[in-house]
Amino acid sequence: MPGPKDPFVLAGKEYHSRLIVGTGKYKDFAETRQAIEASGAEIVTVAVRRVNITDPNQENLLDYIDPKHYTILPNTAGCYNAADAVRTCRLAREAGVGTMVKLEVIGDDKTLFPDIPGTLEAAKTLVDEGFIVLPYIHDDPISCQKLEDMGCAAVMPLAAPIGSGLGIRNPYNIRIILEHSSVPVIVDAGVGTASDAAVALEMGCDAVLMNTAIAAAKDPILMADAMRQGVEAGRKAYLAGRMGKKLYATASSPLDGMIA
Amino acid sequence: MTVRLNGDVRECREGITIAALVEELGLGNKRIAVEVNRDIIPRDEYASCALKADDEVEIVHFVGGGC
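Note that the structure is a prediction, hence the values are computed from the model and not measured.

Let us now look at the packing of aromatic side chains. All names here are of chain A. The tally for this structure, following the rule as stated, stands at two aromatic pairs over all chains. A centroid spacing of 6.2 Å and a plane angle of 40° characterise the contact between Phe 8 and Tyr 15, whose relative ring orientation is tilted. Owing to a relative accessible area of 4%, Tyr 15 belongs among the buried residues under this scheme. Plain terms: the ring middles of Phe 29 and Tyr 64 are 5.4 Å apart, the flat faces sit at 45° to each other, and that makes the pair tilted. Of the two residues, Phe 29 is situated in helix α1 (residues 29-39) and Tyr 64 in the loop between β4 (43-50) and β5 (71-74); the sequence distance between them amounts to 35 residues. Tyr 64 sits in the buried class, given a relative accessible area of 19%.

Here it is in C-alpha cells:
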C-alpha cells in the first residue's frame with residue numbers, strides 16, 4: 001500500500017486514519033470488529049484485566065482484533081493512582097503488544113476527570129522506562145505542556161467527561177493547546193457524534209479518540225462509518241482553510257447583468 | 001499448597017511452575033502477563049519459576065476498553 005498523502009504521524013509511525021477507537025461496551029466481539037472495520041481506525045485501545053480463571057476458554061478480544069493489522073493501545077482505565085497505572089503498563093508490555101500506552105490516572109469515579117499530579121508522576125516513570133506515553137489529560141494547556149516537556153509522544157486533552165457525549169466543551173483551551181504543542185494533539189473522550197469529531201479535526205487537532213460515541217449509538221456500525229467520514233471531512237476542511245466569518249451578507253451571485 | 005490466583009484461593013501441587021499452571025488453565029498460547037508477588041515474570045522464565053505456598057499470582061490479558 002502506498003504511504004498516506006496526509007499521514008498522521010505518531011511516535012514515528014505513519015497512519016492513514018486519524019480516528020482511534022476503543023473496544024469497550026459492544027454487544028459482542030463480532031460487533032466490535034465490524035465497528036472497527038467501519039471506522040477505518042488503525043489504532044485501537046484495550047484494557048488490561050484479570051483472566052477469568054473459572055472459564056479460561058472464553059473468547060479473547062485479540063482473536064477478533066488481530067495485532068498484526070492493528071496497533072493495540074493498552075489503557076490504564078480504572079487506575080486511580082500513578083503506581084497502579086505504571087503497574088498496568090508494565091503488565092501490558094509483558095503481554096506483548098509493544099510499548100505504546102494510553103495513560104489514564106483517574107481522579108474520581110463521578111467525573112472520571114484525570115488526576116493531574118498522578119498523571120504527571122506516572123508519565124515521568126513510564127517515559128523513563130522507555131514507554132511511548134499518550135496521556136489522557138484535562139483541556140489544560142499547562143498540563144499538556146508539562147507532559148510534552150517530559151517526553152510524552154502526544155497529548156490527549158478531553159473534549160468532555162468520558163462517555164458524556166457532550167462534544168468539545170472548551171474549544172478555546174484546545175486552541176491554546178494546539179498553538180503550543182509540537183507533539184500530536186489527540187482529543188480523547190467526550191465526543192458524541194460525527195460533527196463533534198469533525199470540529200476537533202477542523203480546529204487542527206491531529207486525531208480523535210472515542211469509544212462510547214460509537215458503541216452506544218443505536219447502530220454502532222453506521223455510526224463508526226459516520227465518525228470516519230466526520231474525521232475525514234474535518235481534516236480536509238482544516239487543510240482547505242475555512243473562509244473568514246463576517247457579520248453581514250456578501251452576495252455570491254454577480255451584481256452585474258441584473259434585469260431590474 | 002494453596003496460592004492466591006487473581007484474588008481467589010487455589011489449590012496447587014507443591015512447587016508447580018508458572019508454565020505448568022498456565023498450561024493447566026489453558027492459557028499456554030494466549031497473550032497474557034503474569035505477576036508473582038507483584039513482580040512480573042517474563043515468559044521465558046515461566047518454566048523455571050516455581051510457586052511457593054501463599055504466593056499471590058495475577059494473570060491478566062486484554063479486554064475491550066476505551067477510555
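Within the largest apolar cluster, 66 residues are counted, with the highest numbers of intra-cluster contacts made by Val208(A), Met210(A) and Met227(A). If one sorts the elements of this core by residue count, helix α2 (residues 82-94) of chain A sits on top with six residues. Excluding anything up to four places from it in sequence, Met210(A) contacts Leu19(A), Ile20(A), Val21(A), Gly22(A), Val191(A), Ala197(A) and Met227(A). With 21 residues, the next largest nonpolar core counts Cys12(B), Val34(B), Tyr46(B) and Leu51(B) among its residues.

Before going further, it helps to spend a moment on empty space enclosed by the protein. All names here are of chain A. Evaluation of the coordinates by the stated rule reveals one cavity of 30 Å³ or more. Around the largest cavity, the lining residues are Pro 141, Cys 144, Gln 145, Glu 148, Ile 177, His 180 and Ser 181. With four residues, the single largest contributor to the lining of the largest cavity is helix α4 (residues 141-149). Considering only residue class, the lining of the largest cavity consists of three nonpolar, three polar and one charged.

A few words now on α1(A). Residues and elements named next belong to chain A. Within the sequence span of α1, burial applies to Glu 31, Thr 32, Ala 35, Ile 36, Ala 38 and Ser 39. Buried residues of α1, viewed axially, fall in a sector of 160°; they line one side. Residues of α1 that are buried sit in contact with β3 (19-22), β4, α7 (212-215) and α8 (220-240). Of the residues flanking the start of α1, the one acting as N-cap is Asp 28, its side-chain oxygen 3.2 Å from the backbone nitrogen of Ala 30. At the exit of α1 stands Gly 40, carrying a positive phi of roughly 75°.

On to the pairing of strand β3 (residues 33-36) of chain B, then. Residue and element names in this part refer to chain B. Because side chains alternate across β3, one face comprises the buried residues Ala 33 and Glu 35, and the other comprises Val 34 and Val 36, equally buried. Pairing of β3 with strand β5 (residues 56-64), which is carried by four bridges, proceeds in the antiparallel orientation. Bridge pairing in β5 places Glu 35 opposite Glu 58. The pairing of β3 with strand β4 (residues 39-41) spans three bridges and is classified as antiparallel.

What counts and what doesn't
Residues numbered from 1 in each chain as written. Chains lettered and ligands numbered in written order. Predicted model: local features only at pLDDT ≥ 70, side-chain atom pairs only at ≥ 80, totals over all residues. Heavy atoms only, no water. Phe/Tyr/Trp six-rings, centres within 6.5 Å; stacked < 30°, edge-to-face > 60°. Buried < 20%, exposed > 50% of the residue type's maximum accessible area, 1.4 Å probe, protein only. Helix = DSSP H or I, 4+ residues; strand = E, 2+ residues; numbered from the N terminus. Core = buried A, V, L, I, M, F, W, Y, C linked by side-chain atoms within 4.5 Å. Contact = heavy atoms within 4.5 Å. 1 Å grid on protein atoms, 1.4 Å probe; cavity = no way out; pocket = protein on both sides within 12 Å on 5 of 7 lines; lining within 4 Å. Points joined across faces, edges and corners; volume = space filled by probe spheres on them. Nonpolar A, V, L, I, M, F, W, Y, C, P; charged D, E, K, R; others polar. Arc of directions from axis to C-beta. Polar contact = N/O pair within 3.5 Å; in protein donor to acceptor, adjacent residues only side chain to side chain. Pairing = 2+ DSSP bridges.

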